Amino acid sequence: MGYYIDPTYLLLIIGMVLTLIASARMKSTFSRYKTVRSASGLTGAETAQRVLMTAGISDVRIQPVGGSLTDHYDPRTKTVNLSTDVYSQTSIAAVCVAAHECGHAIQHHIDYAPLNFRTALVPVANLGSSLAWPVFFAGLVFSLPILTTAGIVLFALAVLFQLVTLPVEFNASSRALRMLESSGILTMEENAGARKVLTAAALTYVAALASSVLQLVRLMLLSNRRSRK
Ligand SMILES: [Zn+2]
């Protein structure tokens with residue numbers, strides 16, 4: 001049959017382009033607002049402290065972690081972990097990231113259902129993303145439709161996780177914006193910048209989901225084509 005270009009590659013390429021655009025946009029927005037100092041002069045750590053206090057949360061610790069883009073809230077240890085840059089800097093970007101991670105702490109505090117669902121999905125999604133391709137591929141090689149279908153289902157579990165991630169991330173950011181506004185940490189003008197930073201970050205999750213959905217469609221097309229032969 002020789003070499004031919006698999007037309008379903010187009011789906012992968014579209015997904016890659018979307019991911020690249022979203023991450024480039026996020027990088028440029030972040031690097032712009034990393035250089036803009038907030039008028040209040042609060043660091044990321046101080047922002048987190050104030051946001052948690054305003055939300056009435058006293059049992060969450062704030063600590064610095066190494067690396068960049070390593071910021072996260074850990075529900076097991078009840079810690080807001082901020083990368084060293086975010087922890088100690090007073091830029092709008094640092095304030096935004098700190099407030100966003102506190103948004104997750106607030107979600108945990110109030111038992112926000114999508115966060116619990118997302119946490120419960122973690123092991124399932126890990127299993128799905130590590131086994132989907134080998135199982136699917138084995139199904140193609142040995143012409144076993146049951147395996148290709150199993151591969152698709154496994155991949156769909158990983159996609160479901162990304163889908164549930166969206167409301168969790170959007171909600172953490174909208175909580176962050178509301179907190180920054182109501183606590184007066186940022187001025188009205190600065191809040192417009194904060195909105196841009198958090199929107200750019202949220203769009204990377206949308207692009208990642210879109211790219212995964214396209215991959216899922218590709219698996220279905222490949223499996224369909226094989227079964228029609
Ligand atoms: Zn988040």
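Summary of the structure given here. (Residues numbered from 1 in each chain as written. Predicted model: local features only at pLDDT ≥ 70, side-chain atom pairs only at ≥ 80, totals over all residues.)

### Comments concerning the packing of helix H2 (residues 44-54) against helix H4 (residues 92-109)
Between H2 and H4, the shortest axis-to-axis distance is 8 Å and the interhelical angle comes to 35°. Crossing hand, H2 versus H4: right-handed. In this structure, H2 uses Gly44, Ala45, Thr47, Ala48, Val51 and Leu52 to contact H4, whose residues at the interface are Ala94, Val95, Val97, Ala98, Ala99, Glu101, Cys102 and Ala105. Residues of the contact of H2 with H4, tallied by class, amount to 11 nonpolar, two polar and one charged. (Axes fitted to C-alpha atoms, helices over the stretch in contact; angles between N-to-C directions. Helix = DSSP H or I, 4+ residues; strand = E, 2+ residues; numbered from the N terminus. Left-handed = near helix turned anticlockwise from the far one by under 90°. Contact = placed C-beta atoms within 7 Å. Nonpolar A, V, L, I, M, F, W, Y, C, P; charged D, E, K, R; others polar.)

### Thoughts on the sheet that holds strand E1 (residues 61-65)
Spatially, the three strands line up as an open sheet ordered E1-E3-E2, and their pairing is mixed. For this open sheet the edge positions go to E1 and strand E2 (72-74), each flanked by a neighbour on one side alone. Within the sheet, the average angular offset between the axes of one strand and its neighbour, ignoring direction, is 30°. Relative to strand E3 (residues 79-83), E1 is paired through five bridges, and the arrangement is parallel. Bridging from a neighbouring strand, Pro64 pairs with Leu82 of E3. (Pairing = 2+ DSSP bridges.)

### Digging into the nonpolar core
Ranked by size, the top nonpolar core spans 37 residues in total, and within it Cys96, Cys102 and Val197 carry the most contacts. For this core, the secondary-structure elements that each account for two or more residues are helix H1 (9-34), H2, E3, helix H3 (84-88), H4, helix H6 (145-182) and helix H7 (188-228). Per-element accounting of this core gives the leading share, 11 residues, to H4. Excluding residues within four positions of it along the chain, Val197 makes contact with Thr29, Phe30, Tyr33, Ile92, Ala93 and Cys96. Residues Ala125, Ala132, Leu154 and Leu219 belong to the second largest nonpolar core, which totals nine residues. (Core = buried A, V, L, I, M, F, W, Y, C linked by C-beta atoms within 7 Å. Buried ≥ 20, exposed ≤ 12 C-beta atoms within 10 Å, placed from the backbone.)

### Some thoughts on the environment of Ile21
Mapped onto the elements, Ile21 comes out in helix H1. Distance from Ile21 to Leu203, taken between C-alpha atoms, is 9.7 Å for residues 182 residues apart in sequence.

### Let's talk about the environment of Leu186
Looking at the element boundaries, Leu186 is found in the loop between H6 and H7. A C-alpha to C-alpha distance of 14 Å links Leu186 and Lys196, two positions 10 residues apart in sequence. If near-sequence neighbours (up to four positions away) are discounted, Leu186 is found in contact with Ser38, Val95, Leu180, Asn191 and Ala194.

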